[in-house]
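An overview of the molecular structure
In case you want the letters, here they are:
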Number of protein chains: 2
Amino acid sequence: MNGAHAVARTLLASGVEVCFANPGTSELHFVTALADEPALRGVPCLFEGVATGAADGYGRMTGRPAATLLHLGPGLGNGLANLHNARRAATPVVNLIGDHATFHKQYDAPLESDIDALAATVSGWVRRCDDAATAGGVVAEAVAAATGAPGQVATVILPADVAWSDGGEPAPPVLPRPSATVPEQTVAAVAAALRTREPAAILLGGAATRETALRAAGRIAAATGARLLCETFPARLERGAGLPAVERLGYLAEGAMAQLDGVRHLVLAGARAPVSFFAHPGLPGLLTPEGCQVHVLATPGDDGADALGHLAHLVAADTTVPVPHAERPLPPTGALTAQSAAAAIGALLPEGAIVVDEANTSGLWLPGATAGAPRHDWLTLTGGAIGQGLPLAVGAAIACPDRPVLCLEADGSAMYTISALWTHAREGLDITTVVFANRSYAVLGMELQRLGAPADGRARRDLLDLSRPCLDFVALAEGMGVPASRATTAEELTIQLRKAFAEPGPHLIEALVPALF
Amino acid sequence: MNGAHAVARTLLASGVEVCFANPGTSELHFVTALADEPALRGVPCLFEGVATGAADGYGRMTGRPAATLLHLGPGLGNGLANLHNARRAATPVVNLIGDHATFHKQYDAPLESDIDALAATVSGWVRRCDDAATAGGVVAEAVAAATGAPGQVATVILPADVAWSDGGEPAPPVLPRPSATVPEQTVAAVAAALRTREPAAILLGGAATRETALRAAGRIAAATGARLLCETFPARLERGAGLPAVERLGYLAEGAMAQLDGVRHLVLAGARAPVSFFAHPGLPGLLTPEGCQVHVLATPGDDGADALGHLAHLVAADTTVPVPHAERPLPPTGALTAQSAAAAIGALLPEGAIVVDEANTSGLWLPGATAGAPRHDWLTLTGGAIGQGLPLAVGAAIACPDRPVLCLEADGSAMYTISALWTHAREGLDITTVVFANRSYAVLGMELQRLGAPADGRARRDLLDLSRPCLDFVALAEGMGVPASRATTAEELTIQLRKAFAEPGPHLIEALVPALF
């Protein structure tokens, strides 16, 4: 068999079942191999950023990597932003990047560029396949590298002649690095700090935002009075009915500093010490308050759930946590705003939903409004590279075909990878997309205000405004085969959400809301 | 003044008048500076690939760089593919990439990544601004680096605190490197080779595809019998009424080899020795025939027009070239196909049009059909990174507001940067876009055929097909404010083209054509 077939069979043997693909000529042998291996599902994407974002969503929901299929350096370039987000989410992803034939690179043909340098900026692991015989082995190692704790992007560069040459052999799976067990004395030291009853907070991140870890953290908080926080942009936060309430650290430094004010012990469980998203003149970059001791209970590569379980055993052995109860909002009426839209979503979110949140400023009220919703997962913009939501939803929906996906999109962000809607339609994915159409880059409007710029100044009018003309997301969605509607009141949004949740397949709702800034 | 204002004023002083912008928080001080300098036109783009492609189009048409404004590593990542094309086109472009404040980088905040490594893959020149006082000087050097012969991408990384700090000073322009004059003996040696009357071809590239060079090359060809060819994907080929006909080298190795078959002297004027676009099993990468002597008359950094003028003086002093005449096709009737669409375009192309050609397989008949059209420029996909056309048209239209732009797009390629249509509408650009909707990645279908795969196989059905659902480009265009129509017959296309050319502002025509492969 040729190298391409060996790679495809190795992926399957290593547990990779999906390939989000945007191939070109140099990938056609692998495309043919995909067609010969029906167990390896090829999902067509009209842009590489859709493929990489989908792989991120898939990996977050399954803990296993999907493959991407990308066309040389420019294809990888188009996929970089969402790979950046995947890197920040510690998502397992395996990129397959086709390259020119090994003997052709010397000619500096038009598509030649430094793929290795590009790949290194987003990958924890990069390797080139040298020949068909060893390509399978490289791919097996890539899957293990991607999957090893805490998870990372692994990139395989597959030259065209390696793909087409005979002598390929599928390789057996390679065991990934397991998460590390946190030493007893580390857990004991944190327990001692919490027993002082000095003001403390536990900052959850990485895999410690999942059910088992959350339940342990909830008991610790109840027994010691420590506050429960999680990182600003968790990769996958389990929430809703029966789970302890966790407050996300604020996006703006001022907000996060207020949340951490007075904390004497900050316990990190899978999270890093908090830093501000951007620097601002006169504000600190490190957000840990002065005089606060930082305790690393578990790094992102550690078994944070296990460490929290041990800690709970030490400090909260007899604690039973009352089942928290948050009210669900009633379906709202009247004007459609970011706040009433959040209430509609809180009122209607279905059991087991996967929420992909790229609502940005329009999402301000979502955490509160959905705290009483049935169990759900919340996926966020981990790396700040916008254009993530619609692709992430593709991957989440393919990972969990029996769960509804709710994709919450800011209008500006949606336009970066809008062609993902076609994949929503092509694959018949059960995704309800709500586009918050406030017709501006409102987050930049907010930042301009912080800089003291006038709200109606030329900077804002020329480069932050998304009207003149307004984007018609109903037309855009229908142009890609996704049924769509526009909501201009809270009642309309409620009716349209109910319908979208009730029907299988993709839907898009353009929710006209005023910009907050 | 702060660093951002110093940068803006330096750009203006160096002749940069346009900034294609997709800013984020770290660029807001520069956004404010732009608003304070109305002579520096900020053009909003909804995706960085639109901004970089627009800068490429602007630079190709003016010979002067536009600036881009991009947001950290992920923003640059989104713009890389079209910067790759600009690099291959040797287009002058100045990227301004905002970065975290210098003192903030240590914290590895979510948007932190290796901007320098990314920039190096597409830029001939990369520099970071260290402080406000020297930022102007860095930018003046960047403009000179971009503009120096033959032209290149220059990248300036502007940390947020450099932008916001006081002490900035605008810098005076720096003189760019001029093109080099080709030595007399080089020209004489080529003249001697051509005088042998052995079969010869002149391969034009870079700046030698412009009028002065073309006229000289035409005289040389007429006097010596040398064939006139140009590189497969010229950055800007001047064509039409009165200019010598130049044959573009074929995209497929088989075709280019047939064109060069028997050539004993290949004279390179601004072009590199031809290589095949992709390697194929059993085909050579270097396309120069065996026994053919390659003569470098002018490298891309040389003054090719001057060298061709000298060469014409030596070998064609008394030659007057008969004005070539090619017939314009009549407006076609009947079925709409790639061939009849080309005839409609050939029949109607307006005087002075700028044609942006990303028609891919559907463009097969365009060169022939437009050979008799009035004078026009033809801009092609220099680097093979698709998603270039709609953005390139933005830049060409802003560079030449008095000339009509015709953007010829393949449907698959159009979807990579489809949000460029919003900028067409926002800026009221006189761009007529024709989308050749063949509903497949036909170029890959052609390559699959070459590999011997069945035309209706699973590989093709699953990953190359763009139907299920069909993309509705009329809805997509209207959703972004561009008036649009669909042509299903040759007559309809003719009527719609006439109307689009007659009216100012943007239009889009979806031309339903069968796939050729």
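Here the structure is a predicted model, which is why all the values come from computation and not from measurement.

1. With respect to helix α12 (residues 338–348) of chain A
Residues and elements named next belong to chain A.
- With respect to burial, α12 is a largely interior element, 10 of its 11 residues being buried.
- What α12 keeps buried is the set A338, S340, A341, A342, A343, A344, I345, G346, A347 and L348.
- Packing partners of the buried residues in α12 comprise α13 (366–370), β15 (405–410), β16 (431–437) and α20 (490–502).

2. Looking at the pairing of strand β13 (residues 353–358) of chain B
Residues and elements named next belong to chain B.
- Of all six residues making up β13, six are buried, and the element is well covered by its neighbours.
- Burial along β13 is two-sided: A353, V355 and D357 and I354, V356 and E358, pointing in opposite directions, are all buried.
- Bridge count for β13 against strand β14 (residues 376–380) is five bridges, and the pairing is parallel. Bridge pairing in β14 places A353 opposite H376.
- In terms of strand pairing, β13 meets strand β15 (residues 405–410) through five bridges, oriented parallel.

3. Observations concerning the nonpolar core
- Residues L11, F20 and F30 of chain A together with L11, F20 and F30 of chain B are the most contacted members of the largest nonpolar core, which totals 206 residues.
- Ignoring anything within four residues of it in the chain, the contact list for L11 of chain B reads V16, F30, L40, A67, L96, V139 and V143 of chain B.
- Residues V315, A316, L348 and L406 of chain A belong to the second largest nonpolar core, which totals 59 residues.

4. What about the pattern of salt bridges?
Residue and element names in this part refer to chain B.
- This structure, assessed with the given rule, holds 56 salt bridges over all chains.
- In this structure, the salt-bridge partner of R41 is E427, at a minimum N-O distance of 2.9 Å. With R41 in strand β2 (residues 41–44) and E427 in the loop between α16 (420–426) and β16 (431–437), this pair connects stretches of sequence that are 386 residues apart.
- E211 is paired through a salt bridge with R375; the nearest N and O atoms lie 3.0 Å apart. Of this pair, E211 sits in helix α9 (residues 211–224) while R375 sits in the loop between α13 (366–370) and β14, and the two are 164 residues apart along the sequence.
- Judged by its relative accessible area of 26%, E211 falls in the partly exposed class.
- According to the relative accessible area criterion, R375 is partly exposed, its value standing at 22%.

5. Points about the interface of chain A and chain B
- Counting residues at the interface gives 94 residues for chain A and 93 residues for chain B.
- Contact between chain A and chain B buries roughly 7500 Å² in total, counting both sides, with carbon and sulfur atoms accounting for 67%.
- Here chain A is connected to chain B by six salt bridges.
- Note that R426 of chain A is salt-bridged to D465 of chain B, the shortest N-O span being 3.3 Å.

6. Considering helix α1 (residues 3–13) of chain B
Residues and elements named next belong to chain B.
- The element α1 is largely enclosed, with a buried count of eight among its 11 residues.
- Every buried residue of α1 is accounted for by G3, A4, H5, A6, V7, A8, T10 and L11.
- For α1, the side-chain oxygen to backbone nitrogen distance between the N-cap and A4 is 3.1 Å, and the N-cap itself is N2.

7. Here we look at the relation of the copies chain A and chain B
- With an RMSD of 0.0 Å, the fit of chain A onto chain B corresponds to turning through 180° and sliding 0.0 Å along the axis. Accordingly, the operation relating the two chain copies is best matched by a two-fold axis.
- Looking at the interface residues of chain A, 99% of them are also at the interface in chain B, so both copies use one shared face.

8. Describing unusual backbone geometry
Residue and element names in this part refer to chain A.
- Of the consecutive residues A149 and P150, the connecting peptide bond is found in the cis state with omega at 0°.
- Relative to the assigned elements, P150 resides in the loop between α6 (132–147) and β6 (153–159).
- Across the junction of R468 and P469, the peptide omega takes the value -5°, indicating a cis bond.
- Inspection of the secondary structure assignment puts P469 in the loop between α18 (458–463) and α19 (473–479).
- The backbone phi angle of L72 is positive, close to 50°, even though this residue is not glycine.
- Mapping L72 onto the fold places it in helix α4 (residues 72–89).

9. A closer look at the sheet that holds strand β1 (residues 18–21) of chain B
All names here are of chain B.
- Taken together, the six strands give an open sheet; going across it, the order is β2-β1-β3-β4-β6-β5, and neighbouring strands pair in parallel fashion. On the outer flanks of this sheet lie β2 and β5 (125–128), each paired with one strand and no other. Shown here is a sheet whose adjacent strand axes are inclined to one another by a mean of 20°, direction ignored.

10. Comments concerning the state of the cysteines
- For the coordinates displayed, the defined rule picks out zero disulfides over all chains.
- No disulfide involves C19 of chain A; its sulfur sits 8.8 Å from the nearest other cysteine sulfur, which is in C45 of chain A.
- Its sulfur unpaired, C292 of chain B is 17 Å from the next cysteine sulfur, which belongs to C230 of chain B.
- Residue class for C292 of chain B comes out buried when judged on its relative accessible area of 13%.

11. Topic: the sheet that holds β16 of chain B
Residues and elements named next belong to chain B.
- Taken in spatial order, the seven strands make up an open sheet running β9-β14-β13-β15-β16-β18-β17, and their pairing is mixed. In this open sheet, the two strands that pair with only one neighbour each are β9 (237–239) and β17 (484–487). Recorded for the sheet is a direction-independent mean angle of 20° between the axes of neighbouring strands.
- Taken together, the six bridges between β16 and strand β18 (residues 507–512) define a ladder with parallel strand orientation. Looking at the pairing, V434 lines up with I509 of β18.
- This element, helix α14 (residues 389–399), spans β13, β14, β15 and β16 of the sheet and lies at about 170° to β15.

12. So, the environment of V174 of chain A
Residue and element names in this part refer to chain A.
- For V174, the location among the structural elements is in the loop between α7 (160–164) and α8 (184–195).
- Classification of V174 as partly exposed rests on a relative accessible area of 38%.
- Residues V174 and N360, spaced 186 residues apart in sequence, show a C-alpha to C-alpha distance of 40 Å.
- For V174, the contacting residues outside a window of four places in its chain are A140, E141 and A144.

13. Regarding the packing of aromatic side chains
- Tallying each qualifying case throughout the model produces 15 aromatic pairs over all chains.
- Ring geometry for F47 of chain A versus Y416 of chain B: centroids 5.8 Å apart, planes at 80°, classification edge-to-face. Separated into two different chains, F47 of chain A in the loop between β2 (41–44) and α3 (48–62) and Y416 of chain B in the loop between α15 (411–414) and α16 make up a pair that spans both.
- Note on F277 of chain B and F278 of chain B: the rings are 5.2 Å apart at their centroids and 75° apart in plane angle, and the pair reads as edge-to-face.
- Note on F278 of chain B: relative accessible area 6%, which makes it buried.
- Linked through ring pairs, F47 and Y416 of chain A together with F47 and Y416 of chain B together constitute an aromatic cluster.
- The ring of W378 of chain A carries R239 of chain A above its face, with NZ or CZ at 5.1 Å from the centroid.

Criteria and cut-off values
- Each chain has its residues counted from 1, running along the sequence as written.
- The lettering of chains begins at A and the numbering of ligands begins at 1, in the order of writing.
- It should be noted that, the model being predicted, local features are given only for residues of pLDDT at least 70 and side-chain atom pairs only at 80 or more, the latter also being counted only at that level, while totals for whole chains, interfaces and linings use all residues.
- Heavy atoms throughout the structure, all of them, feed into the side-chain values; hydrogens and water do not.
- Per-residue accessibility, obtained with a 1.4 Å probe over protein chains only, is compared with the maximum for each type, and a residue is labelled buried under 20%, exposed over 50%, and partly exposed between these values.
- Numbering of helices and strands runs from the N terminus, with a helix taken as a DSSP run of H or I at least four residues long and a strand as a DSSP run of E at least two residues long.
- Here, residues are in contact when the closest pair of their heavy atoms is within 4.5 Å.
- Two strands are counted as paired when DSSP detects at least two bridges linking them.
- Here the nonpolar core consists of buried residues drawn from Ala, Val, Leu, Ile, Met, Phe, Trp, Tyr and Cys, with membership extended through side-chain atoms lying within 4.5 Å.
- By convention in these notes, a salt bridge is any Lys or Arg side-chain nitrogen within 4 Å of a carboxyl oxygen on Asp or Glu.
- Buried area, as used here, totals the accessible surface that two parts lose on assembly, with accessibility defined by a 1.4 Å probe and the loss added over both.
- Contacts described as polar in this section are N or O atom pairs within 3.5 Å, which, within protein, must combine one atom able to donate a hydrogen with one able to accept it, while residues neighboring in sequence count only if both atoms come from side chains.
- Copy-to-copy superposition: least squares on the C-alpha atoms, limited to residues that have pLDDT of at least 70 in both copies.
- Note on geometry: axes are lines fitted to C-alpha atoms, helical ones only across the stretch in contact, with angles between N-to-C directions running from 0 to 180 degrees.
- The disulfide definition used here is simple: a pair of cysteine sulfur atoms within 2.5 Å.
- Within 6.5 Å between ring centres, the rings of Phe, Tyr and Trp (the latter by its six-membered ring) count as paired, and their orientation is classed by plane angle as stacked under 30 degrees, edge-to-face over 60, tilted in between.
- The criterion for a charge sitting over a ring is simple: Lys NZ or Arg CZ within 6 Å of the ring centre, and within 35 degrees of the ring normal.

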